[in-house]
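Here's the letter readout for the chains.
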Amino acid sequence: ISEYAFYNTKIAALNDLDNLKTIGDFAFAGIKIEDLTLGDDITIGKYAFSYCIYLKNINLGNNVTIGDYAFYNVIYSYEYANTNSFAHYTPYTYDVLDDQGNVIKTNSYYRYNFADGIISALKTVNAGTNLVIGEGVFYGNGKLQVVNLQDNTIVKDYAFFSCASLDTIDFT
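Residues numbered from 1 in each chain as written. Predicted model: local features only at pLDDT ≥ 70, side-chain atom pairs only at ≥ 80, totals over all residues. Heavy atoms only, no water.

**Student:** Talk me through the nonpolar core; I want residue IDs and the actual numbers.
**Tutor:** Residues F49, I66, F71 and F138 are the most contacted members of the largest nonpolar core, which totals 35 residues. Listing elements by their share of this core, those giving two or more residues are β2 (35–38), β3 (42–44), β4 (57–60), β5 (64–66) and β8 (124–127). The contact partners of F49, leaving out residues within four places of it in the chain, are L14, I23, F28, A29, I33, L36, I44, A70 and F71. (Core = buried A, V, L, I, M, F, W, Y, C linked by side-chain atoms within 4.5 Å. Buried < 20%, exposed > 50% of the residue type's maximum accessible area, 1.4 Å probe, protein only. Helix = DSSP H or I, 4+ residues; strand = E, 2+ residues; numbered from the N terminus. Contact = heavy atoms within 4.5 Å.)

**Student:** I'd like a description of the sheet that holds strand β1 (residues 22–23), backed by residues and values.
**Tutor:** What the five strands build is an open sheet, ordered β1-β3-β5-β9-β11; its pairing is parallel. A single partner strand is all that each edge strand has here, and the edge strands are β1 and β11 (154–155). Here two bridges tie strand β9 (residues 132–133) to β11, and the two strands are oriented parallel to one another. Considered in β11, the bridge of V132 is made with I154. (Pairing = 2+ DSSP bridges.)

**Student:** I'd love a proper account of a negative patch on the surface, names of residues and values included.
**Tutor:** Together, D16, D18, D40 and D41 give the surface a local cluster of negative charge. On the secondary structure map, D40 appears in the loop between β2 and β3. (Patch = residues over 30% accessible without salt bridge, like charges linked within 9 Å, V, L, I, M, F, W, Y side chains within 5 Å. Areas by Shrake-Rupley, 256 points an atom, 1.4 Å probe, with all protein chains shown as cover. Salt bridge = Lys/Arg side-chain N within 4 Å of Asp/Glu carboxyl O. Lys, Arg positive; Asp, Glu negative; His and termini not counted. Charge placed at Lys NZ, Arg CZ, Asp CG, Glu CD.)

**Student:** Which residues make up the packing of aromatic side chains, and what values go with them?
**Tutor:** In this structure the tally under the stated criterion is 17 aromatic pairs. Centre to centre, the rings of F26 and Y47 are 5.0 Å apart; their planes meet at 5°, and the pair counts as stacked. Taken together, the residues F26 in the loop between β1 and β2 and Y47 in the loop between β3 and β4 connect sequence positions 21 residues apart. Look at F49 and F71: their rings are 5.3 Å apart centre to centre, the planes differ by 5°, and that puts the pair in the stacked class. With F49 in the loop between β3 and β4 and F71 in the loop between β5 and α1 (79–83), the pair connects residues that are 22 residues apart, well separated along the chain. The exposure classification of F49 matches that of F71, with both residues buried. Through a chain of ring-to-ring contacts, the aromatic side chains of Y4, Y7, F26, Y47, Y51, Y69, Y72, Y139, Y158 and F161 assemble into a single cluster. (Phe/Tyr/Trp six-rings, centres within 6.5 Å; stacked < 30°, edge-to-face > 60°.)

**Student:** How would you summarise the environment of L131 if you had to cite specific residues and measurements?
**Tutor:** Relative to the assigned elements, L131 resides in the loop between β8 and β9. Residue classification places L131 among the buried residues on the basis of a relative accessible area of 1%. Counting along the chain gives 67 residues from L131 to V64, while the straight-line C-alpha distance between them is 5.0 Å. Leaving out residues up to four positions away in the same chain, L131 has contacts with L60, V64, I66, L149, N152, T153 and I154.

Next comes the structure, spelled out in structure tokens:
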């Protein structure tokens, strides 16, 4: 599949991709799929599935090479900047006390709730043997929780950067 072939289309499902050998740069970026299963011996181009914010599960076969930022997503929504909404913020207050314990000042501030603003849906990645994960491949997928990898996996720089919910990596 060539570069940008289905970029930013309304595609909601990809079926029977087992015979693909190459997916070009940005080929499926911005589509609406929820699940992705790819077979063995495939090369995924740079940003090939970037901005697929509905993607929840990825299953990859053996001998797969994933290009840089192939599953990249923006880290969180900037909605509040346009609406002046504090929907993703939690207010906090604290008191400043003097030596006798008397309140001399009360301060208030807002803390951004990172998890509330995450727009990607990716939760699980499963892969076979001989996987190469390029630079920044899963960058910004803040809801990603579980990654199951097999033997001979290579993970490059920033591959899981800002995957704030990632709590399980299994290299079985």
